[in-house]
Structure formats: structure tokens, C-alpha cells
Amino acid sequence: MTTPYVLEPHWANWMLAVEMFVAGLAAGIFFFIALANTTGRKEDREVGAILGFFPAPLMLIAAILLTVDLGQPGRFLNLIFTSPAATERPGPFMLNPNSPMNWGTYVILVFGALTVIPFLDALRHTGRLPFARGLVETLAHDPVGMFVCAALALATGSYSGVLLNVTNLPVWSDTYLQGALYVTFSALGGFAAAGIVADRLRAHETAGAVRTGLMGISLIAAVLLALYIGNLVALGTAGPLVTTMVYLVAPSFWIGAVGLAVLLPLVVVTTGARLRLARVDVSSLAVLGMLVLIGVFAFRWSIMHSALAALGH
Amino acid sequence: MTTKGMFVDTTLCTGCKACQVACKQWNELPMEDEAAVREHRAFTANSYDNTGHLSATNWRHVKFIEQFSPDRADVRWLMMSDSCKHCEQAGCLEVCPTGALYRTQFGSVDIHQDVCIGCRYCVGACPFGVIEYNGRTGRVNKCILCQDRMETGEGTACAKSCPTASLTYGNVSDLKAMAAARVKQLHAQGKTDAYIYGWDLGNQGVITQGPNKGQAVKDMQPVGGLNVFYLLLDQPGVYGLPTAPQLPQRNMNPSAGVALISAAVLGVTGLAAFRRRRMEAAQSGGGAA
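Criteria and cut-off values
Residues numbered from 1 in each chain as written. Chains lettered and ligands numbered in written order. Predicted model: local features only at pLDDT ≥ 70, side-chain atom pairs only at ≥ 80, totals over all residues. Heavy atoms only, no water. Helix = DSSP H or I, 4+ residues; strand = E, 2+ residues; numbered from the N terminus. Rg over C-alpha atoms; globule rule 2.2 N^0.38 Å. Buried < 20%, exposed > 50% of the residue type's maximum accessible area, 1.4 Å probe, protein only. Pairing = 2+ DSSP bridges. Salt bridge = Lys/Arg side-chain N within 4 Å of Asp/Glu carboxyl O. Phe/Tyr/Trp six-rings, centres within 6.5 Å; stacked < 30°, edge-to-face > 60°. Expected span 1.5 Å × (residues − 1). Contact = heavy atoms within 4.5 Å. Buried area = accessible area lost by both parts, 1.4 Å probe. Polar contact = N/O pair within 3.5 Å; in protein donor to acceptor, adjacent residues only side chain to side chain. Axes fitted to C-alpha atoms, helices over the stretch in contact; angles between N-to-C directions. Parallel < 35°, antiparallel > 145°, perpendicular 65-115°, else oblique. Left-handed = near helix turned anticlockwise from the far one by under 90°. Nonpolar A, V, L, I, M, F, W, Y, C, P; charged D, E, K, R; others polar. 1 Å grid on protein atoms, 1.4 Å probe; cavity = no way out; pocket = protein on both sides within 12 Å on 5 of 7 lines; lining within 4 Å. Points joined across faces, edges and corners; volume = space filled by probe spheres on them. pLDDT = per-residue confidence, 0-100.

Comments concerning the overall build of chain A
- Broken down by element type, chain A carries twelve helices and zero strands.
- Each helix and strand of chain A, ordered N terminal to C terminal, gives the series α-α-α-α-α-α-α-α-α-α-α-α.
- Over its C-alpha atoms chain A spans a radius of gyration of 20 Å, differing by no more than 12% from the 20 Å that the globule rule assigns to 313 residues.
- In terms of its C-alpha atoms, chain A occupies a principal-axis envelope of roughly 55 × 50 × 30 Å.
- Counting every position in chain A, which comprises 313 residues, the buried fraction comes to 59%.

Section: the pairing of strand E3 (residues 75-82) of chain B
Residue and element names in this part refer to chain B.
- By the criterion of burial, E3 is predominantly enclosed, with six of the eight residues buried.
- Pairing of strand E2 (residues 61-68) with E3, which is carried by eight bridges, proceeds in the antiparallel orientation. Residue pairing in the sheet places Gln-67 in a bridge with Arg-76 of E3.
- Once E2 ends, the chain turns through six residues before running back antiparallel as E3, passing Arg-72 with a positive phi of about 65 degrees.

Comments concerning the pattern of salt bridges
All names here are of chain A.
- With the rule as written, the count across this model stands at ten salt bridges over all chains.
- Between Glu-205 and Arg-41 there is a salt bridge, and its shortest N-O distance comes to 3.7 Å. Taken together, the residues Glu-205 in helix H9 (residues 204-235) and Arg-41 in the loop between helix H1 (13-39) and helix H2 (42-51) connect sequence positions 164 residues apart.
- A residue is classified by how much of its surface remains accessible, and Arg-41, at 34% relative accessible area, is partly exposed.
- Ionic pairing is found between Arg-200 and Asp-199, a salt bridge with its closest N-O pair at 3.1 Å.
- Accessibility expressed as a relative area gives 0% for Asp-199, which makes it buried.
- Salt bridges here are not isolated pairs; linked through shared partners, they connect Asp-121, Arg-124 and Glu-137.

Describing the packing of aromatic side chains
Residues and elements named next belong to chain A.
- Taken as a whole, this structure holds 16 aromatic pairs over all chains when the rule is applied.
- On the numbers, 6.3 Å between centres and 55 degrees between planes, the contact of Phe-31 with Phe-191 is tilted. Within this pair, whereas Phe-31 is found in helix H1, its partner Phe-191 is found in helix H8 (residues 178-200), the two being separated by 160 residues in sequence.
- Accessibility expressed as a relative area gives 0% for Phe-191, which makes it buried.
- Geometrically, the ring pair formed by Phe-297 and Trp-301 is tilted, given 6.3 Å between the ring centres and 45 degrees between the ring planes.

Overview of H9(A)
- In a regular helix each residue adds 1.5 Å, so 32 residues correspond to 46 Å; H9(A) covers 46 Å between its end C-alpha atoms and thus fits that length.
- Two residues or fewer past H9(A), A:Gly236 is found with a positive phi of approximately 75 degrees.

Considerations on the interface of chain A and chain B
- Across the contact, 77 residues belong to chain A and 72 residues belong to chain B.
- For the pair chain A and chain B, the summed buried surface comes to about 5,900 Å²; carbon and sulfur atoms form 60% of the total.
- Run the count over chain A and chain B and you get zero salt bridges.
- Inspection of the chain A/chain B interface yields 23 residue pairs in polar contact (both at pLDDT 80 or more).
- Elements that contribute at least two residues to the side of chain A that touches chain B include exactly H1, helix H3 (55-70), helix H4 (100-114), helix H7 (143-165), H8 and H9 of chain A.
- With twelve residues, H9(A) is the largest single contributor of residues to the side of chain A that touches chain B.

With respect to the packing of H1(A) against H7(A)
Residue and element names in this part refer to chain A.
- One way to put it is that H1 packs onto H7 with a least axis distance of 9 Å and a crossing angle of 155 degrees. Considered as vectors, H1 and H7 are oriented roughly antiparallel to each other. Once H1 is placed against H7, the crossing between them reads as left-handed. Residues Met-20, Ala-23, Ala-27, Phe-30, Phe-31, Ala-34, Asn-37 and Thr-38 of H1 touch H7, and the partners they reach there are Pro-143, Met-146, Cys-149, Ala-150, Ala-153, Leu-154, Thr-156, Gly-157, Ser-160 and Leu-164.
- Class assignment for the residues of the contact of H1 with H7 results in 13 nonpolar, five polar and no charged.

Focus: empty space enclosed by the protein
All names here are of chain B.
- Taken as a whole and assessed by the stated rule, the structure comprises four cavities of 30 Å³ or more.
- Forming the walls of the largest cavity are 14 residues, and the residues nearest its centre are Cys-84, Cys-87, Ala-90, Cys-92 and Cys-126.
- Looking at the lining of the largest cavity residue by residue, the class counts come to ten nonpolar, two polar and two charged.

Side note on the environment of B:Leu145
Residue and element names in this part refer to chain B.
- Tracing the chain through its elements places Leu-145 in the loop between strand E7 (139-141) and helix H5 (147-151).
- It is 27 Å that separates the C-alpha atoms of Leu-145 and Gly-202, two residues lying 57 residues apart in sequence.
- In contact with Leu-145, other than residues within four places in its own chain, are Lys-4, Gly-5, Met-6, His-86, Ser-108, Met-150, Thr-156 and Val-228.

So, the sheet that holds strand E1 (residues 4-9) of chain B
All names here are of chain B.
- The mixed open sheet is built from four strands, whose spatial order is E8-E1-E12-E9. Every other strand in the sheet has two partners, leaving strand E8 (167-171) and strand E9 (195-197) as the edge strands with one partner each. Put simply, the sheet's adjacent strands are angled 25 degrees from each other on average, direction ignored.
- Taken together, the five bridges between E1 and E8 define a ladder with antiparallel strand orientation. Counterpart to Gly-5 in the pairing with E8 is Gly-170.
- Sheet strands in contact with helix H7 (residues 172-188) are E1, E8, E9 and strand E12 (228-232), and its direction is about 135 degrees off that of E8.

Examining H4(A)
- For H4(A), with 15 residues, the first-to-last C-alpha span of 21 Å sits near the 21 Å given by 1.5 Å per residue.
- Residues of H4(A) that are buried: A:Pro100, A:Met101, A:Asn102, A:Gly104, A:Thr105 and A:Phe111.
- Contacts from the buried residues of H4(A) go to H1, H3 and H7 of chain A together with helix H4 (121-125) and helix H8 (252-275) of chain B.

Focus: the confidence of the model for chain A
- Here chain A averages 92 in pLDDT, and 96% of its residues register 70 or above.
- Considering each helix and strand of chain A separately, the mean pLDDT is smallest for helix H10 (residues 239-242) of chain A, with a value of 91, and largest for H8(A), with 97.

Right, here's the structure in full:
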């Protein structure tokens, strides 16, 4: 249980919700790319190659948003290199093992750098890379390298959740499941984006893998959400997430996170129901992908604002 | 170096706010920013409690707690001069990703202002709601136990200005002995509600006045002990102090562990999805369209 006396950090929460969404989406997409490039067939790798255009720009957007929110880019190096003024900290590199933000900085830094690989591979695949084509292809399809990339992608996906978990703020710190939920919703976002690209490329077999993946990940998310809510209810702190209208937290959570991101893929994939958009030439899978992405953003939004709602802001 | 701290005897506090003024003056703390003034957070004007809470520019805050009996015939004021507790295990310091928050040679928790990046992670980590982001500087601020004065052996400005010795600065070991003696003295006078919030010195009693009359109280030692600690006369919640403050790090390993397990399950699920795609494609009628 948290204490009612903790102060609000006064982050730009809407901006952080967007930042966490794009960084999580980049992680989820990279996760899909790693799977496609190492275990998929030619069609899967083609989808993976086109998806490779997205993680690097998304991470760039996340970095810009984070910089705007914190407003002190000149001091960001203090996260990596020990400031000469911080005389109590040994060594040239800053590492506080008790701080998720410190771990996360390194993970995001390495992951952000690695997103260049699928980006270059996408350029290579579309014939726009004038140099080092062989090297890029090797890097982008090496099973060991991709396993490491997938692990870093999942670590990036879970990072924000663990970060919020290691505070004393209500809702965020009331359960251990925050990191697990964040990484699961990142994977959901990645597969949803893959569904849209698979649809555009008419990659039928890949679409089948995406559907199966979406169903499996939604199932995991459903179990985690049930445990999460049960945990909060048991502690008596579920209200700010599941009932409050402040910042539209409850509607975002129930309609977006639970409805669109979790239940919809389960229902659509298991029943074979078809989703259509009027006057738009997209398939059922693409529509599902877009709705799931909206749901994933709604999840980030509702969790991000639930602590504020709990503090009465 | 011996650990320095303060003992706050709330029974002696008259609410004069000399400590607040001394703190503002010595540390050259400005009025709160325009937003705080606009939102009535800078000056409440609804009580003798003028600022309402600790903040980046109010490192010390005198709380006024008014208690009435149901018929309003019996009234008492509890007053408490609050500040950073300089915890033995400080949540703010533990989560700081840049080393800006550090433990001084006196055992207090100080901030390297030029190292702080203004990430505000420490704000949500403090269970007491002490440290706050300063929008003017883009950094966080809180009581630093007058580090500059301690280095010259002067002690804190607030304790120096306290006219009733409600605030006493000194070696924590000496202060603990003083606190234990004071509680015994109060108990001997029939004031059995006195107990220590910050260290477990073995005292326990019963509240004799106010809405919680008859409830048992006993010494508390939260987050490994507080180097600025209090003698209280009522439940901690009455003073706006948490009854069970915790370090945010309690969640770190379990949270990361559960995330790791989930990531592994997701990896297996993703692999299974690719292996089952033919079956799935056949079941869905063949493809993306």
C-alpha cells in the first residue's frame, strides 16, 4: 500500500503516455521483426523488412518527447557518465543498481542504437541502401543477434512499467504486475502493427501468424489484467483506475485497454468475425490492428493518469 | 563522523513559525511560483497553517492540527514543525539515477544541484511527500539540514531560531537519549500519549485527548530510522505522517522478475504463432484479406 502523503512528480503525463506508447510500439515491432527474421519464411521476412522502417523513427520521437518533458537535455549525460560533482559515486559510468531509471537508460540507449539495423535492412530490402548490403542483411537475420535484440526490445517494453512500479505513488506501486502488463501491451502493439503491414502487402501466411500471435498475447494480457485488477481491488485502490472519470481514466481503461486491445482480438480471432471500415479498402486484420493500437495507447493513458486521479488532481 | 539530526518535540511547539522564517532566510528561499499562488498552494489563508505543505521553496512547514470533541467543548491544537526526515534508508536517494542525491558526511541527504537533471523520479519515491520539483530551476529541492552550517559546526538555522527548544539539533545518538528521557518525563506527568516517531526506543502509551482518545500508541521506526524524528501525541496520520512508509525499491525485484517471466512467455507465444500460421491461415479462410 502506498501512503497518501506522497507528492505528484508533475510530469507532463499526456506527453509521457505518448512517449511510452511510441517507445513500447517500437519495442513490440522490433520483437515481431526478430521473430519474423529468425523463424519466419520469406513472406514473414518481407513484412519484417517493411516494419523495420518504424522502430528507429519511433524511438527518435520518444527521445524528443522525453527531452521536451524534462527540458534539460544538456544534463542528460549525467544519466550515463558520472558527473564530476557526484563524488560519492565511483567510476566513470553512472550506475545506481537500485534505480530502474538508471538501468532503463542503458537499455533504451542500446535498444535505440540497435533500431538502426532493421531500418537499414528496410532500406536494403527496398533497394535504397547503397552500401554494406551484405553486412546489414547478416546483422538483421543473425539468430543470436536477433535474440539479443528481441530481449532488449522486451526489456524496453517493460521498462516504463517497472519504472512506475518502483515509486510510492498510488495504483502504480500497488502491484508487481505493471512491468509485465507494459511488455505484454508492447508486444500487442507490435503484432497489431504487423497485421496492418501484412494486410498492405497481402502477406496471407504472415497474417495467419499475426492472428495467432494476437490471440495468444491478448490471452496473456487478459490474465494479467484480471490479476492486476484483483490485486488493486484487494488493496482497495482500484477506484482511481476503474471508476474515475478524471482524465477519462476509466473509459480509457475499460473501452480501450480491456475492450479494444484485449477482448476484441480474442473475439475476432476465435470467432472469425470480420471487421470493416466503410469506404476504406482495408481488411479485417488491418482494422483489428488499428483498433488494437488505439487500445494499447488507451492502456498507457489510463495507467499514466490513474495515479494523478488517485492523488485527486 | 557522527550522524547529525534533529529531535522535534511537538509538545513544546507554539506554532510561532520562527523555524519557517529562519529556513527561508538562511537558504534564501523565494515565494512559491505564480501557479502556486494562483492555485492557493503558496498561502492557504484558511488557517494559522499558512503554506499547507512542504515544497521546493518551503523546506520547513509548521503544521496546525485543530482537534475538537463532538460537542466542541474540548479543543486542542497539535503543532509540528515538519521537514525532510533524512531517512537512514532514503527512497529519494535510492532511486536517483544520476547520483544527485547523496548521503553527506553527517548522515543527512543532500542534493548536488548541478548534477540533478530534474527527472522528478525522487518526488514519487519519497513516502513522506517531502522532496519537490522546482519549476524555476528545473531541479528538485528539499531541506538539506543546513549542510553549509553543519560544516562550520553551527547546526541548523531552524533549531537555532526555535524559542521553545521544540527543535533540537545534535548527534542522533544524543538526541535519542534526550527523546527517551522526555517521553519518560511526560509519561510520569500523566501525558501517556507521548511516543517517538522515527526510532523505536521502547515507549508505548495511550492517547488521552482528542478523537483518538483511548487508542494505543508506541514508538515507530520507519525506513530504518529517521535522523530527524518526532515526539508525537496522537496517531501519525493526525500529523500527516504515514503509519507504514515504505521504500519504493520493495517493488523492484518482484516487478522486474514478473516482467521477465512475462517476456519469456511472450517469446514462446510469438514463436508458437509463427509455427502455427499454416493452420491459422487455413482456418481463417486463407490470408489477410
